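Descriptive structure summary
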Amino acid sequence: MIAKISELVPLGPLHNPAHLKGIEVGLELLSDVPHVAVFDTAFFQDLPEEAARYALKRDVADQYSIRRYGAHGTSHQFVSGEVSRMLGRDDLKQIVLHLGNGASASAVVAGHAVDTSMGLTPLEGLVMGGRTGDIDPAAVFHLARVAGMSADEIDYLFNRESGMKGLAGDNDMREVWKRIDAGEQNARDAMDIYLHRLVKYVGAYTAVMGGLDALTFTAGIGENDSRLRSELIERLGFMGVQLDADKNAVRSGDGRIISTPDSAIAVLVYPTNEELAIARQAMTLV
Ligand code: AMP
């Protein structure tokens, strides 16, 4: 959704009151310029029902607005659009891996998102800097019943103290690689868990789309971590995808193809630019 602030109506129970307060303050400070809100979930608002709806009892899910909203939508929309332009095709089946401290994957067909890894909140999906990503919700019941933890404590544990931080001791991938090179088994295991989750999502989304034309890395890790890209693509070799090692090693702020010409799937690095994407969307309204 993009909306003029003047047209903004209360957006349901999940919207953080602090954000709405921030919008109010912004309105007061800049009262003489048009205001536009761009929601980071917007790209995923038209997800197919089969991807957006959890298999949760329908009336409870509807009453409490529990569905998959996704996040990082501004980035996924921008990057998939740029890749489509770069490859000169608007019919692409794409996977975008936004790998930063928060991390998410999206499946995009001909410019429309058909699935994404974040859900009701950004907790679901990939292993992240401090978030678990996918975990059996029964772990919550278990921790509440057996460890006596409160909802807030479990929330903090899952969102802040887990992921690479909880597994390897650090949420920064550069530090995780240093620990791997120093022989720390926990760090190597953490990387393998991170990569395993990525392989599962790439495989699942390829199946959902019935094929894959382009796989793109973006955000802090996706844009900068050539070693992680190389290890992931190696695990996806069965799909006929091949990385050009020299192109993968280049450090650049430009969007670029890093696969070989005969790779079955184009692999790209494309720097995300959420500010530009927000500005472009705002321009369509003012
Ligand atoms: P972001 O949330 O997109 O700003 O990404 C931040 C994350 O990118 C950091 O926590 C690091 O894990 C990762 N990162 C940044 N630079 C590098 C690099 N050169 N190699 C590996 N990871 C990096």
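This text gives an overview of the structure that appears in the document. (Residues numbered from 1 in each chain as written. Predicted model: local features only at pLDDT ≥ 70, side-chain atom pairs only at ≥ 80, totals over all residues. Heavy atoms only, no water.)

Some thoughts on the packing of aromatic side chains
- In this structure the tally under the stated criterion is three aromatic pairs.
- Ring plane angle 70 degrees and centroid distance 6.3 Å describe the contact between F78 and Y270, whose orientation is recorded as edge-to-face. On the criterion of sequence distance, the pair formed by F78 in helix α4 (residues 73-87) and Y270 in the loop between β8 (266-269) and α13 (274-283) is long-range, its members being 192 residues apart.
- With a relative accessible area of 8%, F78 lands in the buried category.
- Classification of Y270 as buried rests on a relative accessible area of 15%.
- Ring centres 5.6 Å apart and planes at 80 degrees place the aromatic pair Y201 and Y205 in the edge-to-face group. Highlighted residues: Y201 and Y205, both in helix α9 (residues 185-209), separated by four residues, approximately one helical turn. (Phe/Tyr/Trp six-rings, centres within 6.5 Å; stacked < 30°, edge-to-face > 60°. Helix = DSSP H or I, 4+ residues; strand = E, 2+ residues; numbered from the N terminus. Buried < 20%, exposed > 50% of the residue type's maximum accessible area, 1.4 Å probe, protein only.)

Brief notes about the site of the ligand
- Around the ligand lies a shell formed by G100, N101, N171, D172, M173, R174, A219, G220, I221, N224, D225 and R251.
- Separating an oxygen atom of the ligand from a backbone N or O atom of M173 is a distance of 2.9 Å.
- With respect to the ligand, the side chain of R174 contributes an N or O atom lying 3.5 Å from a nitrogen atom.
- Alone, the ligand offers 500 Å² of accessible surface; in the complex the protein occludes 71% of this. (Near = heavy atom within 4 Å. Polar contact = N/O pair within 3.5 Å; in protein donor to acceptor, adjacent residues only side chain to side chain. Areas by Shrake-Rupley, 256 points an atom, 1.4 Å probe, with all protein chains shown as cover.)

Brief notes about α4
- For α4, with 15 residues, the first-to-last C-alpha span of 21 Å sits near the 21 Å given by 1.5 Å per residue.
- Turning to α4, its buried residues are G73, T74, S75, H76, F78, V79, S80, E82, V83 and S84.
- In this structure, the buried residues of α4 make contact with β2 (36-38), β3 (93-99), β4 (103-109), β6 (214-218), β8 and α13.
- Directly beyond the C-terminal end of α4, a positive phi value near 65 degrees is found at G88. (Expected span 1.5 Å × (residues − 1). Contact = heavy atoms within 4.5 Å.)

A closer look at the pattern of salt bridges
- Under the defined criterion, the tally for this structure stands at 15 salt bridges.
- The shortest N-O distance in the salt bridge between E124 and R68 comes to 3.5 Å. Of the two residues, E124 is situated in the loop between β5 (112-116) and α5 (138-146) and R68 in the loop between α3 (58-63) and α4; the sequence distance between them amounts to 56 residues.
- The partly exposed category is assigned to E124, whose relative accessible area is 22%.
- The salt bridge involving R280 is made with E82; its shortest N-O contact spans 3.2 Å. Taken together, the residues span a long stretch of sequence, with R280 in helix α13 and E82 in helix α4 at a distance of 198 residues.
- Owing to a relative accessible area of 40%, R280 belongs among the partly exposed residues under this scheme.
- The buried category is assigned to E82, whose relative accessible area is 7%.
- Look at the salt bridges and you will find they share partners, linking R188, D192, E231 and R235 into a network. (Salt bridge = Lys/Arg side-chain N within 4 Å of Asp/Glu carboxyl O.)

Concerning the pairing of β6
- The buried count for β6 comes to five of five residues, which makes it a mostly enclosed element.
- Of the two faces of β6, the one carrying A214, T216 and T218 and the one carrying L215 and F217 are both buried.
- Of the pairings in the sheet, the one linking β3 to β6 comprises five bridges and is parallel in character. Pairing of Q94 across the sheet is with A214, part of β6. (Pairing = 2+ DSSP bridges.)

Section: the nonpolar core
- Among the nonpolar cores identified, the biggest contains 42 residues, and L97, L99, Y194, L215 and L228 are the most heavily contacted of them.
- With 10 residues, the top contributor of residues to this core is α9.
- Ignoring any residue separated from it by four or fewer positions in sequence, one finds Y194 in contact with L99, A103, V127, M164, M173, I221 and L228. (Core = buried A, V, L, I, M, F, W, Y, C linked by side-chain atoms within 4.5 Å.)

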